[in-house]
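One letter stands for each residue in the lines below.
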Amino acid sequence: MKKGFIIFTVLFFLFLIPVRSYSSEPMKQLRVTVDKVLEILKRPDLKSPDKEELKRKLLREVISERFDFQEMAKRALARHWRKRTTQEKKEFVELFRTLLERTYLRRIEQYSDERIIYKDERIEPPYALVKTVVVTGQSVEIPIDYRLIQRSNDWKVYDVIIEGVSLVNNYRKQFVQIIRSSSYESLVERLRKKIK
Amino acid sequence: MRKIDIELLVGIFVIAGIFALGYISVNLGELEVWGKKGYTLYAEFEGIGGLKPGASVEIAGVTVGKVKSIRLTRDYTALVELEINNNVPLQDDAIASIKTKGLIGEKYVEITPGGSEHLLADGDKLRETESAVDLEGLLSKFVFGKVE
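Note that the coordinates shown come from a computational prediction; the quantities given were computed from them, not determined experimentally. (Residues numbered from 1 in each chain as written. Chains lettered and ligands numbered in written order. Predicted model: local features only at pLDDT ≥ 70, side-chain atom pairs only at ≥ 80, totals over all residues.)

Moving on to the pairing of strand β3 (residues 62-72) of chain B. Across a regular strand the side chains alternate sides, sitting on one face of the sheet and then on the other. Residue and element names in this part refer to chain B. In this sheet, β3 lies alongside strand β2 (residues 56-59) in antiparallel orientation, the contact comprising four bridges. In the sheet register, Ser-56 faces β3, and the bridge partner there is Lys-66. A loop of two residues connects β2 with β3, the two strands running antiparallel in sequence, and Ala-60 in this loop sits at a positive phi of about 55°. For β3 and strand β4 (residues 78-85), the ladder comprises seven bridges, and the chain directions are antiparallel. Paired with Val-67 across the two strands is Leu-82, which belongs to β4. (Pairing = 2+ DSSP bridges. Helix = DSSP H or I, 4+ residues; strand = E, 2+ residues; numbered from the N terminus.)

Set out below in structure tokens:
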């Protein structure tokens, strides 16, 4: 009887341990990426304007480790995604990634003395939500939530919600509207023009 | 014989009246007498900014369901129960947002359909949500952000 209890207890804790360490994984992984980004931004040897290209390259590498641009593009195109050929999908993901880079990389580079507070995390495998707050120098708080999806051992970001507004939904509405009023081809055309 | 006819007529009239009254009260009160008309989905929001049960659920401005109930979860978020019409399938990457009709109008739930192969079934959760945008909060942020 006593032996049975001990075995049960040991088994219980054995099962408990992996669950515990696993439960904080999304936030941990996101934090590693954000820290890497901040490190690049703070590096004094990359501050000069002629190093800008190198800095962007490094940022791009770090960010694409954590962000799943294909999932983002897929979600943004919504039901029009399935109608595309493999080649078109590939091309669209690349366009969408470049569009996001053009839009957000410059803002990231403007980083000065913001603090990032990791508030909360919710996990419903294979999905997770990590809530953060960016506090600017003037102590304005900007809530930024990350939605992540599990890909084997990695958690990848597929949506960013800033001030309650979803990035994917923002693009989804615009894309669907453009496709409805003209065509997919004209959406690709517009994106190309935008990122030139 | 003639007297019975009149009484019968009055009886039929009264019964018809009762049925009409019943029909009106069911329709106006939005009661569900003949069972559920749609399937139920749950959506969790950070803030719903005064969304009320009975508010409409819309896709592209078309009403496709309504808010059945709202309750507070243990994490202090709002869990909204939505009833969606059976003829409107939704994908698991559809996004539900709380919107306002006009600038100060009533709140409603807007859904932008997704493109996933997985359709949501009765009782499933709409994972992707956007909470009500706090206009006053944004305004104050904008104002304070400008002060240096």
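On we go.
Right, let's talk about the confidence of the model for chain A for a bit. Per-residue confidence for chain A gives a mean pLDDT of 85; residues scoring 70 or more make up 89%. For the stretch residues 18-23 of chain A, pLDDT sits under 50, and the model shows one contact to residues farther than four places along the chain or on other chains. (pLDDT = per-residue confidence, 0-100. Contact = placed C-beta atoms within 7 Å.)

Next up on the list: the packing of helix α6 (residues 167-181) of chain A against helix α7 (residues 184-195) of chain A. The angle between the axes and the distance between the axes are what describe a pair of packed helices. Residue and element names in this part refer to chain A. Packing of α6 against α7 brings their axes to within 7 Å, and their N-to-C directions diverge by 125°. The angle between α6 and α7 falls in the class oblique. In the crossing of α6 with α7, the sense of the turn from one axis to the other is right-handed. Facing Phe-175, Ile-178 and Ile-179 of α6, the residues of α7 in contact are Tyr-184, Ser-186, Leu-187 and Arg-190. In terms of residue class, the contact of α6 with α7 is built from five nonpolar, one polar and one charged. (Axes fitted to C-alpha atoms, helices over the stretch in contact; angles between N-to-C directions. Parallel < 35°, antiparallel > 145°, perpendicular 65-115°, else oblique. Left-handed = near helix turned anticlockwise from the far one by under 90°. Nonpolar A, V, L, I, M, F, W, Y, C, P; charged D, E, K, R; others polar.)

Another aspect to go through is helix α5 (residues 86-109) of chain A. Residue and element names in this part refer to chain A. With 24 residues, α5 extends 34 Å between its outermost C-alpha atoms, agreeing within 8% with the 34 Å of an ideal straight helix rising 1.5 Å per residue. Restricting attention to buried positions, one finds in α5 the residues Phe-92, Phe-96 and Leu-100. Among the structural elements, α4 (69-77) and α7 are those in contact with the buried residues of α5. (Expected span 1.5 Å × (residues − 1). Buried ≥ 20, exposed ≤ 12 C-beta atoms within 10 Å, placed from the backbone.)

Moving on, we come to the sheet that holds strand β4 (residues 154-162) of chain A. All names here are of chain A. Strand order in this open sheet of five strands is β1-β2-β3-β4-β5, and the pairing throughout is antiparallel. Among the strands making up the open sheet, the edge pair consists of β1 (115-124) and β5 (165-166). Docked against the sheet, helix α2 (residues 25-42) engages β1, β2 (127-135), β3 (141-151) and β4, running at close to 150° with respect to β1. The strands touched by α4 are β3 and β4; relative to β4, the strand with the most contacts, the crossing angle is about 45°.

Strand order in the open sheet formed by eight strands is β7-β1-β4-β3-β2-β6-β5-β8 (chain B), and the pairing between neighbours is mixed. Where the open sheet ends on each side, the last strands, each with one partner, are β7 (125-126) and β8 (128-130) of chain B. By the bridge criterion, two bridges tie β2(B) to strand β6 (residues 107-112) of chain B in an arrangement that is parallel. Bridge pairing in β6(B) places B:Val57 opposite B:Val109. Running over the sheet, α6(A) touches β5 (95-100), β6 and β8 of chain B and is turned about 75° from β6(B).

This part covers the interface of chain B and chain A. Across the boundary between the two partners, chain B contributes 18 residues, which contact 19 residues of chain A. The set of elements that each furnish at least two residues to the side of chain B that touches chain A consists of β5, β8 and α2 (135-146) of chain B. The element contributing the most residues to the side of chain B that touches chain A is α2(B), with four residues. Considered class by class, the residues forming the side of chain B that touches chain A number five nonpolar, six polar and seven charged.

Residue and element names in this part refer to chain A. Here α4 lies mainly inside the structure; seven of its nine residues are buried. Buried residues belonging to α4 abut α5, β3, β4 and α6. Following α4 by one or two positions, Ala-78 adopts a phi angle in the positive range, close to 50°.

The next subject is the confidence of the model for chain B. Of the residues in chain B, 89% reach a pLDDT of 70 or more, and the chain-wide mean stands at 86. Interface confidence for the predicted complex, given as ipTM, is 0.73, next to a pTM of 0.77.

Quick look at the environment of A:Ala128 now. All names here are of chain A. Inspection of the secondary structure puts Ala-128 in strand β2. Residues Ala-128 and Val-157 lie 29 residues apart in sequence; the distance between their C-alpha atoms is 9.1 Å. Other than its neighbours up to four places away in sequence, Ala-128 contacts Pro-26, Glu-121, Arg-122, Ile-123, Leu-148 and Trp-155.

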